[in-house]
Amino acid sequence: MEDLQALFRWSHIIAGIIWIGLLYFFNFVNSAFAPTMDADSKKKVIPELLPRALYWFRWGAAWTWVTGVLLLLIVFYHQQQMFDPNNPDAGWTTGAFAMLAVTFLGVFVYDTLFNMVKNTQVAVAIGFILLVGANYGFIHWGNFEYRAFVIHTGTLFGTIMAFNVWFRIWPAQQKIIPAIKEGKAPDADLVSLAGLRSKHNTYLSVPLIWTMINVHHAGTTPQNEWWYLPVIVLIGWGVVYLLYKKASKVKGF
Ligand code: HEM
């Protein structure tokens, strides 16, 4: 099991680097570069560059998710890292199963929320309140042990991000890129959907990476506090905001 865990962890991080590296290329490099091209260059460059980048992007996302779930299975569900053995209320209770459902099905609440509420600030505020509720639930209803509660918040984010890649961004790009190749204006709704979901993924990625590495800092972070990860999420969003600001100022020669 230890060897298998090392293998899954290694593959998980390689796939994660491919995925998130390309996400940052799209959001911090390409978003500033693409508007500098004239129509002819766009027709030539985009159909050659983007399908290649999107190939590694979407398969990176798929393998990160699959290897992440394999790690969940062997580190948490198989090795009983889920619950504190000294907590008499902890175990595979209805509350624990309900919080597993929140982890893997929360993506549909997110998708419905951002499809229905068109004001982004309102949708983000509702999403943040739901996140606080989920964190309270992981600790008090699921009785998840600290390491499990943090990684399940990361899994919730990662599942939303992988869903965005495969079911929102990639299907939109499959229509946008051929339109550009034919010299036509792509559907504005698809362009805005793909751009928005890619931006969501960028904002989710920085807090997600905290949850992935937090096992090493468990001793220095507040344990079993529902407010702690939402505070980290807010700090992460501030970091992403500054990265976007910097990206818009980096110039070509
Ligand atoms: C897509 C959904 C994801 C799931 C379900 C997932 C799940 C996991 C799990 C269960 C672990 C083991 C944690 C532990 O032993 O406490 C882990 C570790 C890790 N994950 Fe993810 N992960 C996901 C996405 C990502 C992404 C996008 C990255 C970014 C590169 C990432 C980077 C890492 C790293 C660096 C570790 C190693 C932590 C360590 O051993 O120090 N993960 N992940």
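Residues numbered from 1 in each chain as written. Predicted model: local features only at pLDDT ≥ 70, side-chain atom pairs only at ≥ 80, totals over all residues. Heavy atoms only, no water.

Draft legend 1. Just the packing of helix H5 (residues 146-181) against helix H6 (residues 188-213), in detail. Packing of H5 against H6 leaves a shortest axis separation of 9 Å and a crossing angle of 155 degrees. Comparing their axes, H6 and H5 come out roughly antiparallel. As for how H5 packs across H6, the hand of that crossing is left-handed. Of the residues contributing to the contact of H5 with H6, the split by class is 18 nonpolar, nine polar and three charged. (Axes fitted to C-alpha atoms, helices over the stretch in contact; angles between N-to-C directions. Helix = DSSP H or I, 4+ residues; strand = E, 2+ residues; numbered from the N terminus. Parallel < 35°, antiparallel > 145°, perpendicular 65-115°, else oblique. Left-handed = near helix turned anticlockwise from the far one by under 90°. Nonpolar A, V, L, I, M, F, W, Y, C, P; charged D, E, K, R; others polar.)

Draft legend 2. Broad picture of the coordination of the iron atom of the ligand. Protein coordination of the iron atom of the ligand is provided by His12 (NE2) and Met212 (SD), with donor distances spanning 2.0 to 2.2 Å. Here the iron atom of the ligand is ringed by six donor atoms whose angles at the metal span 86 to 180 degrees, and the overall shape comes out octahedral. Of this pair, His12 sits in helix H1 (residues 2-33) while Met212 sits in helix H6; the two residues are 200 residues apart in sequence, bridging distant segments of the chain. The exposure class assigned to His12 is buried, which follows from its relative accessible area of 14%. (Donors = N, O, S within 2.8 Å, 3.2 Å for Na, K, Ca; no water. Tetrahedral: all angles 85-135°; square planar, octahedral: opposite > 155°, others 65-115°. Buried < 20%, exposed > 50% of the residue type's maximum accessible area, 1.4 Å probe, protein only.)

Draft legend 3. Region of interest: the nonpolar core. Within the largest apolar cluster, 39 residues are counted, with the highest numbers of intra-cluster contacts made by Trp19, Phe26, Leu54, Phe57 and Phe157. A per-element tally of this core places H5 first, with 13 residues. Phe157 has contacts with Leu131, Leu204, Pro207, Leu208 and Val233, leaving out every residue within four places of it along the chain. With 24 residues, the next largest nonpolar core counts Phe83, Met99, Phe138 and Phe149 among its residues. (Core = buried A, V, L, I, M, F, W, Y, C linked by side-chain atoms within 4.5 Å. Contact = heavy atoms within 4.5 Å.)

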